[in-house]
Every structure is written in structure tokens, then in C-alpha cells.
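Here are the chains, one letter per residue:
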Amino acid sequence: MALCLLGALVGGSVALPIAEASAQSAPAKGGSIRVSGSSTVFPITSAAISAFRATKPGGNVRFQLLETGTSAGFRDFCAGKVQLSNASRPISTEELKACAASGIKFLELPIAFDALTVAVNPRNTWAKGISTAELSVLWRRQAEGKIMRWNQVNAAWPATPIRLCGPGKDSGTFDYFNKAINGNATDSRRDYTSSEDDSVIVNCIAKDPQALGYVGFGWYASNTNKLRALAVNGRKGLVGPSAQNVQDERYSPLSRPLFIYINDRMVREQDDVRRFVTFYLQRGPQFVKQARFIPLEDSTYRLVETKFYRHVLGTSFGGDLPVGLTISQALARSFSQLRKPVAR
């Protein structure tokens, strides 16, 4: 399996008693950990928090977990308002500048893989698969107000109205999907039901037989009674979203790595943050599987721990949004910093 190549580089969520808080308030100095960002990564971090709070070191730690979308999470993170940011894409050039302006140094840690899933209502009887070209016809900005019926996407489909459901513009899933399908992270129609909360997208699709949308794989896998995934005809032919197809590097171009970003100063100064991140990484596969996403190899999580323990700072992606990388390529880039002297 492709993930095993990484050794050469170096020598469903649980309900939580989490306090709600405004993203504008400053984080507490001790005993409180604030996390914001990706709704895709949310259930993974949620599972980690729930398990950590059941331990003796974590029992007295207060968590504030905000489901804001990747872009909004990075705004909080680069302003120093949260210690951790969930992200379904790497940090952008503009966000790097914002962090630098605030003196924020960070660690970028991959935690899982995702098969971005195109889904329809189970009562849809006509669509079994869809090509990347058809997805572009449907979702690009030029389609706004024009491509309104199923048969405008595929002549074999009915001439009935199509309802679209998808992430909002603060979502990393929005950025990645549009870069992969339309060639530009902002090239998207706007006349659809949008939200940074994936549960809203799931319910939008589940309530309407004419609906189509896209969500992270974990959200689909946790709602197979409400959604039906379409196979996507991309670079490797018609392939459905699954852990095996992502690990075999067949589901392209809609597979991607998922991340957490850690404020380096806060993890050095706050014991609770350091203990939580250590706990999170050591049990990474457990939390990823619980959230129904695609875990890395156990040996790869050891590389992530090494990156964390050595405080290897900054991004391996240089502000780029890499679409279409294989798992091997994405992970090789993620750990390329381990070959370099540790930043101080």
C-alpha cells in the first residue's frame, strides 16, 4: 500500500460537555483549550476531546470547540485566539502572512485522509456516477442561474429541477472541491444551499430527492441511511469514495489530507495543550476511525509525533492548495521538514 513508503523519510462523534464561546474572545491562559476551524475535521477532534476528558490529566481541562470552517479557523488561529485549528486544507499564502504579522509560529500536523464525497438522496434512481467534467458544468460560476435541471448535466437524466447543497466559502472543502473541479478555489456558483456545518448539508440532501451535494467522507459514512454516494469519473476512471480506493490512490482528484495546526508558543507554555496534542496523536487512528474518516498508517502517526516533539515549525505546502497529489506525494511533502534542521 502506498502509505508504507513513508518509512524512508526519516532515519461517529460523541456528544461533549463543551462550553460554547464567541470566536472573538481571548483564550484563557491555563486549564482551557480553544479549537476552531474545519467542520470536516470537527468530529475527529471531538472524539479526541471526549476521550481525553475521560482521563485523569484531562478531567479538569475545559474545551471550547467551534465548528467555523477552515478559513474562519485560520483567522482565529493567526490572531492568537485559539491554540489549535482544524483544517481540511493547508494554510494559504494570505493566512501565512496573517500569522507572521501576529508573530504566530505553528506546527502543521496531518492526521487523516478524506475522500471528498459527491452524494445524492437515496430516492434518486437515475444518477449512479458523475464525471469531473459534469461536476464542473454543474458547479462552476458560469452555471449560476443557468444549469438548473438534471438533464442539463447529463442528457440521460430527467428534466427535473436540481437542488444543490454544499459548503460555504469559509470551508476548506469548498476551496478544495472548486480547485479540483473548476481549477480555481473561488470558481463556484452561489445559488445553492450553503453552510460551514456539514450536518446542514447532509440534511439538505436527505430531505429532497432532487438534491445533490458534496461533503467529507466521514459525514457521508456516518449518514449512509440518508445519503447515496456517486462514483466519480476522474483520472483513474469511474471510482467510488472508500478508504481502500483512497489508500490505493485510485480516488482522484477528490482525496486530500486533513490537518490540525498547533500554536507553538502555547504548546510550549501550556501543559494542558501539550498533553492533549500528545494524547491526540498517540491515539490518532482510534479517533479517525471513530469519526469514519481514513486513518494514516501507524508508522506515519509516529512520524507526526516526531514532527510535534521536535517542534518542526511552518508549512510544507508553501501556501499552495495541492490538488491531485497521491497519498505518497502528499505525505512526503508533509514530512519533508523532518529532513531539515529544526526551526528555533
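Provided above is the structure to which this section pertains.
Peer 1: Can you walk me through the state of the cysteines in this structure?
Peer 2: Linking two cysteines covalently via their sulfur atoms produces the bond known as a disulfide. Within the structure shown, the criterion is met by 2 disulfides. The residue that forms a disulfide with cysteine 78 is cysteine 99, at a sulfur-sulfur distance of 2.1 Å. With the S-S dihedral at roughly -75°, the linkage between cysteine 78 and cysteine 99 falls on the left-handed side. Of this pair, cysteine 78 sits in helix H2 (residues 70-78) while cysteine 99 sits in helix H3 (residues 93-101), placing them 21 residues apart in sequence. Cysteine 99 shares its class with cysteine 78; the two are buried.

Peer 1: Would you mind showing me how to read the pattern of salt bridges here?
Peer 2: In a structure, side chains of opposite charge can pair up when their charged atoms sit close to one another. The final tally for this structure, using the stated rule, is 12 salt bridges. Here aspartate 114 makes a salt bridge to arginine 256, at a shortest N to O gap of 2.8 Å. In this pair, aspartate 114 is assigned in strand S4 (residues 106-115) and arginine 256 in strand S13 (residues 255-263), connecting sequence segments 142 residues apart. The pair aspartate 114 / arginine 256 is uniform in exposure class, with both members buried. When salt bridges with common partners are traced through the structure, they connect Arg89, Glu95 and Asp175 into a single cluster.

Peer 1: Looking at this structure, I do not really get the sheet that holds strand S2 (residues 62-65). What am I missing?
Peer 2: Sheet strands pair via backbone hydrogen bonds, and the direction of the pair is either parallel or antiparallel. The sheet built from 6 strands is open, its strands ordered S2-S1-S3-S13-S4-S14 with mixed pairing. Looking along the sheet, the strands with just one partner apiece sit at the ends: S2 and strand S14 (294-295). Its contacts with the sheet place helix H10 (residues 271-282) against strand S1 (32-37), S2, strand S3 (84-87), S4 and S13, and it is angled at close to 30° to S4. Contacting S4 and S14, helix H12 (residues 298-309) runs over the sheet at an angle of about 160° to S4.

Peer 1: Looking at this structure, I do not really get empty space enclosed by the protein. What am I missing?
Peer 2: To locate leftover empty space, one rolls a probe as large as a water molecule over the atoms. In this structure, the largest cavity spans a volume of roughly 30 Å³. Along the walls of the largest cavity sit Ser88, Arg89, Pro90, Tyr176, Arg256, Pro257, Leu321 and Pro322, which together make up its complete lining. Partitioning the lining of the largest cavity into residue classes produces 5 nonpolar, 1 polar and 2 charged.

Peer 1: Would you mind going over H2 with me for this structure?
Peer 2: One full turn of an α-helix is made of 3.6 residues, so residues set three or four places apart face in the same direction. Buried residues dominate H2, accounting for 8 of its 9 residues. Taken residue by residue, H2 has Thr70, Ser71, Ala72, Gly73, Phe74, Asp76, Phe77 and Cys78 as its buried positions. Packing partners of the buried residues in H2 comprise S1, S3, H3, S4, helix H5 (172-182) and S13. Where H2 terminates, the next one or two residues include glycine 80, which has phi positive at roughly 75°.

Peer 1: Even after reading the chapter, I still don't get the layout of surface pockets, so can you show me in this structure?
Peer 2: What the largest pocket holds in volume is close to 270 Å³. Along its surface, the largest pocket is lined by 15 residues, and Arg89, Ser92, Glu94, Glu95 and Asp175 are the ones closest to its centre. Broken down by element, the lining of the largest pocket gets its largest block of residues, 4 residues, from H2. The residue inventory of the lining of the largest pocket, partitioned by class, reads 6 nonpolar, 3 polar and 6 charged. Taken as a whole, the second largest pocket spans an internal volume of roughly 190 Å³. Lining the second largest pocket, in full, are Arg141, Gly168, Lys169, Phe174, Asp175, Ala185, Thr186, Ser188, Arg189, Arg190, Tyr192 and Ser194. Considered class by class, the residues forming the lining of the second largest pocket number 3 nonpolar, 4 polar and 5 charged.

Peer 1: In this structure, what is going on with the packing of aromatic side chains? I would like to understand it.
Peer 2: What characterises a pair of aromatic rings is the spacing of the ring centres plus the angle enclosed by the ring planes. One pass over the structure, following the stated rule, counts 20 aromatic pairs. A ring pair is formed by phenylalanine 177 and tyrosine 214, whose centres lie 3.7 Å apart and whose planes are at 10°; its orientation type is stacked. Taken together, the residues span a long stretch of sequence, with phenylalanine 177 in helix H5 and tyrosine 214 in strand S9 (residues 211-215) at a distance of 37 residues. Among the residues examined, tyrosine 214 registers a relative accessible area of 1% and is labelled buried. Among the aromatic residues, those joined into a cluster by ring pairs are Phe52, Phe63, Phe276, Phe279, Tyr280 and Phe287.

The rules we used
- Residues numbered from 1 in each chain as written.
- Predicted model: local features only at pLDDT ≥ 70, side-chain atom pairs only at ≥ 80, totals over all residues.
- Heavy atoms only, no water.
- Disulfide = S-S within 2.5 Å.
- Helix = DSSP H or I, 4+ residues; strand = E, 2+ residues; numbered from the N terminus.
- Buried < 20%, exposed > 50% of the residue type's maximum accessible area, 1.4 Å probe, protein only.
- Salt bridge = Lys/Arg side-chain N within 4 Å of Asp/Glu carboxyl O.
- Pairing = 2+ DSSP bridges.
- Contact = heavy atoms within 4.5 Å.
- Axes fitted to C-alpha atoms, helices over the stretch in contact; angles between N-to-C directions.
- 1 Å grid on protein atoms, 1.4 Å probe; cavity = no way out; pocket = protein on both sides within 12 Å on 5 of 7 lines; lining within 4 Å.
- Points joined across faces, edges and corners; volume = space filled by probe spheres on them.
- Nonpolar A, V, L, I, M, F, W, Y, C, P; charged D, E, K, R; others polar.
- Phe/Tyr/Trp six-rings, centres within 6.5 Å; stacked < 30°, edge-to-face > 60°.

From the geometry alone we can't say anything about function, so treat these as descriptive.
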